[in-house]
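# Examination of the molecular architecture
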Amino acid sequence: MNIGIIGDGQLGWMTIFESRKLNFNFFVLGNNPEAPASRIADKFFYYEDVDQFLEIVDDFVFEFEHIPDFVFEKVQNHPNHKALEIKRSRISEKKFLQEKGYPVAKFSYAYGHNLKEKLKEFKLPVVVKAETLGYDGKGQYIIKNEYDLNPIFQNHSLNEGFIIEEFIDFESEVSTICVKDKKGNKKIYPISFNYHKEGILVYNYAPFMESREINEIVSSLIDDLEINGLLAVEFFMTKDKKPIINEFAPRPHNTGHYTMDASYCSQFENLIRSISNVPLGSTKSKTPAGMVNILGKSLNDFDIGKIMEIEGTELYWYGKTKKEKRKMGHINVVDSDINKLKAKIQTINQLIYQI
Ligand code: AMP
């Protein structure tokens, strides 16, 4: 089977190398032949050559939602088009979730020119997020007073859309991933604990907790979004133990990287299984596991050797050009004892970030 990957980043890279053993061919559509997924694909296609790409592939998956509009139009018959379309705007994402009755933070939306006015509907602090192209903390601002709006007006135009969200004083952030195949079979990964700093995931581990409510939400949301493949959902857990959806992603997710070393079948392999005739693999964990992102550092910037000496660590290095806060690679780590696992994660964090 010829499988296409739309997007050329590390999520596509891991999808390919986790699924090569299934003897499929992989074709990547993106904008950089040197990007992680492009380098290990059987063939790379530029976005401009989308027609040739679609001719050669039997089916395809998305590893990135912010694809160019002309590519997006060409794939409108794909089952995941609906989820991607909703996801391309933070406003449509939140509206969809609210209309379907899922728990979300109180929100409103505005444009640059009426942002100040709309803020009056909220008690400060609030979180203001750019409607489009915002991920990994980009285009996201915590507003505690009027002066905090200044960077928004410096970085964005007055015509841009924004979502204004109440600030959730959460107890923890958690997530899970659901996979659904073409026949409608579904499986859900364990719930992970996620630690973010400045809007970017720094580390996570699983299993963290069990929640029937969360599992029911992801299972029904994957149906509502009509997804064939993966759906990752991030939640805030409030102090009274209520899950509130922060956002979803219709693709492999950073909080599921640990599944490569912990699960019977990783999120990446299950994504490929879900569009092929191979039955879905078990989403259960063989062992507690965690992941630490390597953000904005090269391998010479810290003592990687010391990390590799820790039992149960694996390095995944994406081979990208270094940029501030950029996801350059990650470390997966396992331990049968959850407390020892947490201690290992802390040591890895110290070794990378000196924190
Ligand atoms: P996002 O880009 O929407 O996933 O947000 C990235 C991170 O910013 C989240 O994982 C939280 O740590 C923080 N954050 C986003 N929205 C809120 C909110 N409404 N209240 C509190 N923290 C938030």
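No experiment lies behind these values; they were computed from the predicted model shown. (Residues numbered from 1 in each chain as written. Predicted model: local features only at pLDDT ≥ 70, side-chain atom pairs only at ≥ 80, totals over all residues. Heavy atoms only, no water.)

### Considerations on the overall build of the protein
- On a plain count of helices and strands, the protein comes out with 13 helices and 17 strands.
- Based on the C-alpha atoms only, the size of the protein along its principal axes is roughly 55 × 50 × 40 Å.
- Sequence separation of 24 or more characterises 60% of the internal contacts of the protein that already satisfy a separation of 6 or more.
- Counting every atom, the protein has about 16100 Å² of accessible surface; 46% of that belongs to carbon and sulfur.
- Here the protein contributes 45 positive and 50 negative side-chain charges, whose respective centroids are spaced 3 Å apart. (Helix = DSSP H or I, 4+ residues; strand = E, 2+ residues; numbered from the N terminus. Contact = heavy atoms within 4.5 Å. Areas by Shrake-Rupley, 256 points an atom, 1.4 Å probe, with all protein chains shown as cover. Lys, Arg positive; Asp, Glu negative; His and termini not counted. Charge placed at Lys NZ, Arg CZ, Asp CG, Glu CD.)

### Points about the site of the ligand
- With respect to spatial proximity, 15 residues lie near the ligand, and among them Lys-129, Glu-165, Ile-168, Glu-173 and Glu-247 are the closest.
- The separation between an oxygen atom of the ligand and a polar side-chain atom of Lys-129 is 2.8 Å.
- Glu-247 places a polar side-chain atom, nitrogen or oxygen, 2.6 Å from an oxygen atom of the ligand.
- In the complex, 93% of the free accessible area of the ligand, which totals 480 Å², lies under the protein chains. (Near = heavy atom within 4 Å. Polar contact = N/O pair within 3.5 Å; in protein donor to acceptor, adjacent residues only side chain to side chain.)

### Structural notes on unusual backbone geometry
- Residue Pro-125 follows Leu-124 across a cis peptide bond; omega there is 0 degrees.
- Relative to the helices and strands, Pro-125 resides in the loop between α7 (115–119) and β6 (126–130).
- Each neighbour pair has its own omega, and for Ala-206 with Pro-207 the value is -5 degrees, a cis peptide bond.
- Even without being a glycine, Asn-23 presents a positive backbone phi close to 65 degrees.
- Structurally, the position occupied by Asn-23 is in the loop between α1 (10–19) and β2 (25–30).
- Classification of Asn-23 as exposed rests on a relative accessible area of 65%.
- In this model, Glu-198 sits at a positive phi of 50 degrees, which is unusual for a non-glycine residue. (Buried < 20%, exposed > 50% of the residue type's maximum accessible area, 1.4 Å probe, protein only.)

### Re the domain arrangement of the protein
- When the domains of the protein are assigned, the result is domain 1 (2–78), domain 2 (106–166) and domain 3 (172–353).
- Placing a centre on the C-alpha atoms of domain 1 and another on those of domain 3 gives a separation of 22 Å.
- Every contact between the two is made by 22 residues of domain 1 and, on the other side, 22 residues of domain 3.
- For the pair domain 1 and domain 3, the summed buried area comes to about 1900 Å², and 68% of that belongs to carbon and sulfur atoms.
- In this assembly, domain 1 and domain 3 are joined by 3 salt bridges.
- Ionic pairing is found between Lys-21 and Glu-269, a salt bridge with its closest N-O pair at 2.9 Å.
- The tally of links from domain 1 across to domain 3 stands at 7 residue pairs in polar contact (both at pLDDT 80 or more). (Domains from an automatic or database assignment. Buried area = accessible area lost by both parts, 1.4 Å probe. Salt bridge = Lys/Arg side-chain N within 4 Å of Asp/Glu carboxyl O.)

### Overview of α1
- Taken across its 10 residues, α1 has 9 buried, putting it largely inside the fold.
- Of all the residues in α1, the buried ones are Gln-10, Leu-11, Gly-12, Trp-13, Met-14, Thr-15, Ile-16, Glu-18 and Ser-19.

### Some thoughts on the packing of aromatic side chains
- Within this structure, the stated rule accounts for 14 aromatic pairs.
- Measuring from centroid to centroid gives 6.4 Å for Phe-193 and Tyr-203, while their planes differ by 35 degrees, and the two rings are tilted. Here the residue Phe-193 occupies a position in strand β11 (residues 191–197), and Tyr-203 occupies one in strand β12 (residues 200–209), the gap between them amounting to 10 residues. Summarising the burial analysis for this pair, Phe-193 and Tyr-203 share the class buried.
- Site record: aromatic cluster; members linked through ring pairs are Phe-27, Phe-45, Phe-53, Phe-60 and Phe-62. (Phe/Tyr/Trp six-rings, centres within 6.5 Å; stacked < 30°, edge-to-face > 60°.)

### Observations concerning the sheet that holds strand β7 (residues 140–143)
- Pairing is antiparallel in the open sheet, where 4 strands are placed in the order β5-β8-β6-β7. Pairing within the sheet leaves two strands with one partner each, and these edge strands are β5 (107–111) and β7. Each adjacent strand pair in this sheet contributes to an overall mean axis angle of 25 degrees, direction not counted.
- Alignment of β5 against strand β8 (residues 161–166), held across 5 bridges, turns out to be antiparallel. (Pairing = 2+ DSSP bridges. Axes fitted to C-alpha atoms, helices over the stretch in contact; angles between N-to-C directions.)

### Quick look at the pairing of strand β4 (residues 59–62)
- Taking every second residue as pointing to the same face, both faces of β4 are buried, with Asp-59 and Val-61 on one and Phe-60 and Phe-62 on the other.
- Here strand β1 (residues 2–6) runs beside β4; their pairing, made up of 4 bridges, is parallel. The residue of β4 that forms the bridge with Ile-6 is Phe-62.

### With respect to the pairing of β2
- For β2, the tally of buried residues reaches 5 of 6 residues, placing the bulk of the element in the interior.
- When β2 meets strand β3 (residues 43–46), the two strands line up parallel, connected through 4 bridges. Paired with Phe-27 across the strands is Lys-43, a residue of β3.

### Remarks on the pattern of salt bridges
- Throughout the structure, instances matching the rule amount to 25 salt bridges.
- With a shortest N-O distance of 2.6 Å, Arg-251 and Glu-65 are connected by a salt bridge. Placement of the pair is Arg-251 in the loop between β14 (243–249) and α10 (259–262) and Glu-65 in the loop between β4 and α4 (69–74), with a sequence separation of 186 residues. Both residues of the pair, Arg-251 and Glu-65, count as buried.
- The closest approach of N and O atoms between Asp-303 and Lys-306, which form a salt bridge, is 3.7 Å.
- Overlapping salt bridges bring together Lys-87, Arg-90, Glu-93 and Glu-247 as one network.

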